[in-house]
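# Close look at the chain arrangement
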Amino acid sequence: MHLAYPAVLAALLFCTGLYGVLARRNAILVLMSVELMLNAVNLNLVAFDVWLRDALHAGQALTLFTIAIAAAEIGIGLAIVLLVYRNRGSADIDRLRALREDDGDEPDERQGGAPEGAPPDLAPDGPAHDAVPGKTAAGRQTA
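Residues numbered from 1 in each chain as written. Predicted model: local features only at pLDDT ≥ 70, side-chain atom pairs only at ≥ 80, totals over all residues. Heavy atoms only, no water.

### Let's talk about the side chain of Thr66
We count it as follows: Elements are defined by DSSP. Helices are runs of H or I of four residues or more, strands are runs of E of two residues or more, and each kind is numbered from the N terminus. Buried means the residue's accessible area, taken with a 1.4 Å probe over protein chains only, is under 20% of the maximum for its type, while exposed means over 50%, and partly exposed covers the values in between. In this description, contact between two residues means that some pair of their heavy atoms is separated by no more than 4.5 Å.
As for its position among the elements, Thr66 is in helix α3 (residues 58-88). You can call Thr66 buried: its relative accessible area is 15%. Leave out the neighbours within four places in its chain, and Thr66 touches Leu38, Asn42 and Leu45.

Here's what the structure looks like:
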């Protein structure tokens with residue numbers, strides 16, 4: 001058998017997986033597309049192993065490692081997708097830009113404010129921010 005047949009099939013599988021990763025918005029379909037890409041790599045590894053008639057069968061050994069990594073990836077990926085779906089109600093990737101939930105209790109870090117009721121040393125202009133104790137930033141003596 002020629003090497004071109006499995007190589008072309010692997011290229012088609014990889015391109016299909018790449019299209020699925022770039023075009024899909026559902027996280028499950030993206031994970032399936034990544035699996036297609038890994039299977040294309042596995043097909044190439046085995047095809048080149050057979051074509052080169054390697055005595056150690058390094059391509060097949062690497063394929064076993066790739067299968068193990070793919071199994072771990074799909075297990076962790078599905079667990080994350082199910083947790084996000086359970087919390088958010090959607091597995092749409094575009095809607096998952098910010099995974100942090102805003103409770104409203106924390107200060108907005110862009111404004112630089114301290115939370116209400118915080119000790120004065122957490123405030124930006126409190127005594128903890130003076131360069132020298134007993135003096136202000138302009139160098140005047142404090143009371």
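Alright, that's what it looks like, and here's the rest.
### Remarks on unusual backbone geometry
Unlike most non-glycine residues, Arg53 shows phi in positive territory, near 50 degrees. Looking at the secondary structure, you find Arg53 in the loop between α2 (27-52) and α3. One non-glycine residue with positive phi stands out, namely His57, at about 55 degrees. Along the chain, the position of His57 falls in the loop between α2 and α3. Residue His57 is classed as partly exposed on the basis of its relative accessible area of 40%.

### Focus: the packing of aromatic side chains
Rules: Each Phe, Tyr or Trp ring (for Trp, its six-membered ring) is paired with any other whose centre lies within 6.5 Å, and the angle between the two planes then decides the class: stacked below 30 degrees, edge-to-face above 60, tilted in between.
Inspection of every chain in the model, using the stated rule, returns 1 aromatic pair. When the ring of Phe48 is compared with that of Trp51, the centres are 6.1 Å apart and the planes differ by 85 degrees; the resulting orientation is edge-to-face. On the criterion of helical spacing, the pair formed by Phe48 and Trp51 is a turn pair, its members being 3 residues apart in helix α2.

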